[in-house]
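Here is how the chains run, residue by residue.
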Amino acid sequence: MKQYILLENISKTYDKNNNAPNDSDKTQILNIEEIKIPLGEFVAILGYSGSGKSTLMNILSLLDIPDLKHITTGRLPKITYYLLNETIEITYEQCSDPESCSPSSSNITVTVEQKNGEREILKACALRSNYFSYIFQHAYLHPNFDVEDNIKAPLVISDRKSGLNIDELIASAGLEGQKKRYINDLSG
């Protein structure tokens with residue numbers, strides 16, 4: 001079975017000025033009616049600076065939310081992750097106060113459906129900590145931690161440290177023999 005992400009009705013606009021009174025004062029960054037992104041393959045997102053690459057990644061990982069009404073279709077956005085053993089559906093609802101909508105607000109519903117039909121509703125933060133690995137544009141590594149501790153920190157936070165071999169992870173990144181070095185001592 002092919003694994004992929006299906007994005008539907010994903011648009012993102014920003015106000016050129018705060019609280020822009022009309023559409024001419026807004027900048028459209030994304031306008032996706034429907035697209036499939038394959039998983040398990042290398043996918044490149046190309047575009048000039050400011051074209052929406054980071055915005056798309058932030059929306060995919062629920063660090064940002066799309067417009068709650070698609071700019072062209074007028075429909076609510078939806079993201080579905082079709083994975084090997086489960087399907088994750090992310091839906092959005094209109095907020096009574098759009099200014100209060102954020103990725104942590106209750107306007108996002110994350111439903112995980114197992115192949116056996118079991119369904120579970122998750123919070124956005126649980127989805128991020130249990131399903132996503134995200135490498136930020138800027139590393140956000142802790143300068144007072146060595147390589148090993150920078151790897152362990154998110155594992156401890158998500159309670160996923162058991163069964164992982166830190167030395168293998170470090171080797172897979174080509175950093176053998178570097179686990180006790182501090183981040184600022186390594187090449188960019």
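Everything below is about the structure printed above this text.
**Student:** Residues and numbers for the overall build of the protein, please.
**Tutor:** Each helix and strand counted, the protein has 4 helices and 6 strands in total. In sequence order, the secondary structure elements of the protein are arranged as β-β-α-β-β-β-β-α-α-α. The proportion of buried residues among the 188 residues of the protein is 31%.

**Student:** I'd like to hear about the packing of aromatic side chains, residue by residue, with values.
**Tutor:** Counting across every chain of the model gives 1 aromatic pair. The ring of Tyr 4 has Lys 36 sitting right over it, with the charged end atom 4.7 Å from the ring centre.

**Student:** So what about the nonpolar core? Which residues, and what values?
**Tutor:** The nonpolar side chains of soluble globular proteins are, as a tendency, buried together. Ranked by size, the top nonpolar core spans 25 residues in total, and within it Ile 79, Ile 90 and Tyr 92 carry the most contacts. Counting only elements with at least two residues in this core, the list comes to strand E1 (4–15), strand E2 (26–38), helix H1 (53–60), strand E3 (78–82), strand E4 (86–92), strand E5 (108–114) and helix H2 (124–131). Among the elements that take part in this core, E2 stands out by supplying 4 residues, more than any other. Excluding anything up to four places from it in sequence, Ile 90 contacts Leu 62, Pro 77, Lys 78, Ile 79, Tyr 81, Ile 108, Thr 109, Val 110 and Leu 127. One finds Val 147, Ile 166, Ile 170 and Ile 183 within the second-largest nonpolar core, a separate group that totals 5 residues.

**Student:** Which residues make up a nonpolar patch on the surface, and what values do they have?
**Tutor:** The grouping of Val 43, Ile 45 and Met 57 at the surface amounts to a nonpolar patch, some 220 Å² of accessible area in total. Residue classification places Ile 45 among the partly exposed positions, given a relative accessible area of 36%.

**Student:** Break down the side chain of His 70 for me, with residues and values.
**Tutor:** Along the polypeptide, His 70 turns up in the loop between H1 and E3. By relative accessible area, His 70 is classed as buried at 2%. Within the structure, the side chain of His 70 is placed 3.0 Å from the side chain of Asn 31, a separation counted as a polar contact. For His 70, the residues in contact, after removing those within four places along its chain, are Asn 9, Ile 10, Ser 11, Asn 31, Ile 32, Glu 33 and Arg 75.

**Student:** Mind laying out the pattern of salt bridges, listing which residues take part and the relevant values?
**Tutor:** On inspection of all chains with the given rule, the structure shows 8 salt bridges. A salt bridge links Glu 41 to Lys 2; its shortest N-O distance comes to 2.8 Å. Of this pair, Glu 41 sits in the loop between E2 and H1 while Lys 2 is found in the segment before E1, placing the two residues 39 residues apart along the sequence. For Lys 2, a relative accessible area of 53% puts it in the exposed group. Measuring nitrogen to oxygen at the nearest pair gives 2.6 Å for the salt bridge that ties Glu 148 to Lys 180. Highlighted residues: Glu 148 in helix H3 (residues 147–157) and Lys 180 in the segment after helix H4 (166–172), separated in sequence by 32 residues.

**Student:** Describe the sheet that holds E5, listing the residues and the values that go with them.
**Tutor:** The strand order E2-E1-E3-E4-E5-E6 describes an open sheet built from 6 strands, whose pairing is antiparallel. The sheet terminates laterally at E2 and strand E6 (119–122), the two strands that pair on one side only. Strand-to-strand twist of the sheet, defined as the mean angle between neighbouring strand axes without regard to direction, takes the value 15 degrees. Contacts from H1 reach E1, E2, E3 and E4 within the one sheet, and its direction differs from that of E1 by about 125 degrees.

**Student:** Can you tell me about the pairing of E6, naming the residues and giving the values?
**Tutor:** Examined bridge by bridge, E5 and E6 share 4 bridges and lie antiparallel to one another. Within the sheet, the bridge partner assigned to Glu 113 lies in E6 and is Arg 119. Connecting the antiparallel pair E5 and E6 is a turn made up of 4 residues, with Gly 117 showing a positive phi of about 95 degrees.

**Student:** Describe the environment of Ser 61, and please don't skip the residues or the numbers.
**Tutor:** Inspection of the secondary structure assignment puts Ser 61 in the loop between H1 and E3. When the C-alpha positions of Ser 61 and Ala 124 are compared, they lie 8.7 Å apart, and in sequence the two are 63 residues distant.

Conventions and cut-offs
- Counting from 1, residues in each chain are numbered in the order their sequence is written.
- Selection of residues for local features in this predicted model requires a pLDDT of at least 70, selection of side-chain atom pairs for listing and counting requires 80 or more, and totals for whole chains, interfaces and linings are taken over all residues.
- The side-chain figures draw on all heavy atoms in the structure; neither hydrogens nor water molecules are used.
- Elements are defined by DSSP. Helices are runs of H or I of four residues or more, strands are runs of E of two residues or more, and each kind is numbered from the N terminus.
- The rule is simple: take the accessible area with a 1.4 Å probe, protein chains only, and divide by the maximum for that residue type; under 20% is buried, over 50% is exposed, in between is partly exposed.
- A pair of aromatic rings is counted whenever rings of Phe, Tyr or Trp (Trp by its six-membered ring) have centres within 6.5 Å, and the orientation is called stacked for planes under 30 degrees apart, edge-to-face for over 60 and tilted otherwise.
- Lysine NZ or arginine CZ positioned within 6 Å of the ring centre and within 35 degrees of the ring normal marks a charge as sitting over the ring.
- Nonpolar cores are built from buried Ala, Val, Leu, Ile, Met, Phe, Trp, Tyr and Cys residues. Side-chain atoms within 4.5 Å join them into one set.
- Any pair of residues with heavy atoms lying within 4.5 Å of one another is described as a contacting pair.
- A patch consists of residues whose relative accessible area exceeds 30% and which take part in no salt bridge; residues with like charges are grouped when within 9 Å of each other, and nonpolar side chains (Val, Leu, Ile, Met, Phe, Trp, Tyr) when within 5 Å.
- Every accessible area reported is derived by Shrake-Rupley at a probe size of 1.4 Å, with residue values counting cover from the shown protein chains alone.
- In what follows, salt bridge is the name for a side-chain nitrogen of Lys or Arg lying within 4 Å of a carboxyl oxygen of Asp or Glu.
- Polar contacts, as counted here, are pairs of nitrogen or oxygen atoms within 3.5 Å of one another; within protein the pair requires one atom able to donate a hydrogen and one able to accept it, and residues that are adjacent in sequence qualify only if both atoms are side-chain atoms.
- The pairing criterion for strands is at least two bridges between them, as found by DSSP.
- Here an angle of 0 to 180 degrees is reported between the N-to-C directions of two axes, which are lines fitted to C-alpha atoms, with helices fitted over the stretch in contact.

These figures capture arrangement, not role.
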